[in-house]
Amino acid sequence: MIKAILFDMDGVLYDSMPSHVKAWYDTMSALNAISTPEDFYLFEGRTGESTINILFNRSFGRNATPEEIEKIYAEKARRFTELEQPESKPMRGAQEVLQKVKQMGLLRVIVTGSGQKSLFDKLDHHFPGFFDKDLMVTAYDVKQGKPHPEPYLIGLQRANIKPEEAIVVENAPLGVEAGKAAGIYTIAVNTGPLPDKVLLDSGADILFHSMKDLADTIEKIVREQSGQ
Ligand code: MG
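Values in this document were obtained by computation on a predicted structure and should not be read as measured data.

Caption draft 1: The arrangement of the overall build of the protein chain in detail. Within the protein chain, the regular secondary structure consists of ten helices and six strands. The C-alpha radius of gyration of the protein chain comes to 17 Å, within 12% of the 17 Å expected for a compact globule of 228 residues. For the protein chain, the C-alpha atoms occupy an extent of roughly 55 × 35 × 30 Å along the three principal directions. Across the protein chain, the fraction of contacts at a sequence separation of at least 24, relative to all contacts at a separation of at least 6, is 64%. Summed over its atoms, the accessible surface of the protein chain is roughly 10600 Å², and 51% of this surface lies on carbon and sulfur atoms. Across the protein chain, 26 positive and 33 negative side-chain charges occur, with their mean positions spaced 1 Å apart.

Below you can see the structure in the form of structure tokens.
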């Protein structure tokens, strides 16, 4: 019986990935680190530290120091905030998915690698009444970023449910891997530029091309996964 839907945030509830990618690309390019915008779609879900160290090893043959990581991540966050002005754009169709999930009486849990301040206030502003402060997992709650299952396992704990009682909604390949590694049925919504194959190869159980398409089918998926 499905009891909760675990939602990733960037690229699922918010159309924020273009700004994240540009913020990362600008920040790393200014340091002469070698990257392409596509890299950051593939890295989505990793911790900031992990992303920086992959590019430092590729470009300079070493890990970044803790001081470098702190400074680089702060600059990336500053650039992201600048690009998202005046405010983040909710993803088209996200409101409809949430409405259907709420009508079915299911819990809504946020599982994000984002460490933005006042995340709950932002969510509650754009999606009023859908989320609960206690049902959120953010960068501050985990040691391991996606693709490690930890973020989704903590999400299950918060909702007090088992893997087979949940469904994950993800847009990123590493997010899909994390959901599957936690033993959860995982829906991929391909809202970015990566080929569908990348998400399917990561283990997605089903794939949609927009939250709007998912809104049309979410009730059927919940019934099927509940064995009805
Ligand atoms: Mg995402």
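Caption draft 2: Examining the packing of helix 3 (residues 48-60) against helix 4 (residues 66-83) more closely. Where helix 3 contacts helix 4, the axes come no closer than 10 Å and their chain directions differ by 110°. Viewed along their axes, helix 3 and helix 4 adopt a mutual orientation that is roughly perpendicular. Together, Gly 48, Glu 49, Ile 52, Asn 53 and Phe 56 of helix 3 and Glu 68, Ile 69, Ile 72 and Tyr 73 of helix 4 make up the contact between the two elements. Residue classes in the contact of helix 3 with helix 4 are distributed as five nonpolar, two polar and two charged.

Caption draft 3: Examining the pattern of salt bridges more closely. Inspection of the entire model under this criterion finds 18 salt bridges. A salt bridge links Lys 146 to Glu 170; its shortest N-O distance comes to 2.8 Å. Taken together, the residues span a long stretch of sequence, with Lys 146 in the loop between strand 3 (136-137) and helix 7 (150-159) and Glu 170 in strand 4 (residues 166-170) at a distance of 24 residues. Comparing Lys 146 with Glu 170, the two get one shared label, buried. Close ionic contact of Asp 201 with Lys 197 constitutes a salt bridge, the shortest N to O distance being 2.6 Å. Taken as a pair, Asp 201 and Lys 197 lie in helix 9 (residues 196-201) at a separation of four residues, close to a single helical turn.

Caption draft 4: Structural context of the environment of Met 17. Mapping Met 17 onto the fold places it in helix 1 (residues 17-30). Residues Met 17 and Phe 80, spaced 63 residues apart in sequence, show a C-alpha to C-alpha distance of 9.8 Å. Once residues lying within four places of it in the same chain are set aside, the contact partners of Met 17 are Asp 10, Gly 11, Phe 40, Tyr 41, Glu 44 and Asn 171.

Caption draft 5: Here's a closer look at the sheet that holds strand 3. Taking strand neighbours across the sheet as the criterion, the six strands line up as 3-2-1-4-5-6 in an open arrangement whose pairing is parallel. At either end of the open sheet lies a strand with only one pairing partner, and these are strand 3 and strand 6 (206-208). The sheet strands contacting helix 7 are strand 1 (4-7), strand 2 (107-111), strand 3 and strand 4, and the helix crosses strand 2 at an angle near 150°.

Caption draft 6: Main features of the coordination of the magnesium ion. Within the protein, the magnesium ion binds to Asp 8 (OD), Asp 10 (O), Glu 44 (OE) and Asn 171 (OD1); these donor distances fall in the range 1.9 to 2.2 Å. Along the chain, the residues donating to the magnesium ion fall in the pattern D-x1-D-x33-E-x126-N. Pair noted here: Glu 44 is in the loop between helix 2 (37-43) and helix 3 and Asn 171 is in the loop between strand 4 and helix 8 (173-181), with a separation of 127 residues, a long-range link. Look at Asn 171 and you get buried, because its relative accessible area is 8%.

Caption draft 7: Layout of unusual backbone geometry. Along the chain, Gln 85 connects to Pro 86 via a cis peptide bond; the corresponding omega equals 0°. With an omega of 15°, the peptide bond running from Lys 146 to Pro 147 counts as cis. Backbone geometry at Asn 32 places phi at a positive 65°, although glycine is not the residue there. Among the structural elements, Asn 32 can be located in the loop between helix 1 and helix 2. Here Asn 160, not a glycine, exhibits a phi torsion of approximately 60°, which is positive. Within the element layout of this structure, Asn 160 appears in the loop between helix 7 and strand 4.

What counts, and where the lines are drawn
- Residues numbered from 1 in each chain as written.
- Predicted model: local features only at pLDDT ≥ 70, side-chain atom pairs only at ≥ 80, totals over all residues.
- Heavy atoms only, no water.
- Helix = DSSP H or I, 4+ residues; strand = E, 2+ residues; numbered from the N terminus.
- Rg over C-alpha atoms; globule rule 2.2 N^0.38 Å.
- Contact = heavy atoms within 4.5 Å.
- Areas by Shrake-Rupley, 256 points an atom, 1.4 Å probe, with all protein chains shown as cover.
- Lys, Arg positive; Asp, Glu negative; His and termini not counted.
- Charge placed at Lys NZ, Arg CZ, Asp CG, Glu CD.
- Axes fitted to C-alpha atoms, helices over the stretch in contact; angles between N-to-C directions.
- Parallel < 35°, antiparallel > 145°, perpendicular 65-115°, else oblique.
- Nonpolar A, V, L, I, M, F, W, Y, C, P; charged D, E, K, R; others polar.
- Salt bridge = Lys/Arg side-chain N within 4 Å of Asp/Glu carboxyl O.
- Buried < 20%, exposed > 50% of the residue type's maximum accessible area, 1.4 Å probe, protein only.
- Pairing = 2+ DSSP bridges.
- Donors = N, O, S within 2.8 Å, 3.2 Å for Na, K, Ca; no water.

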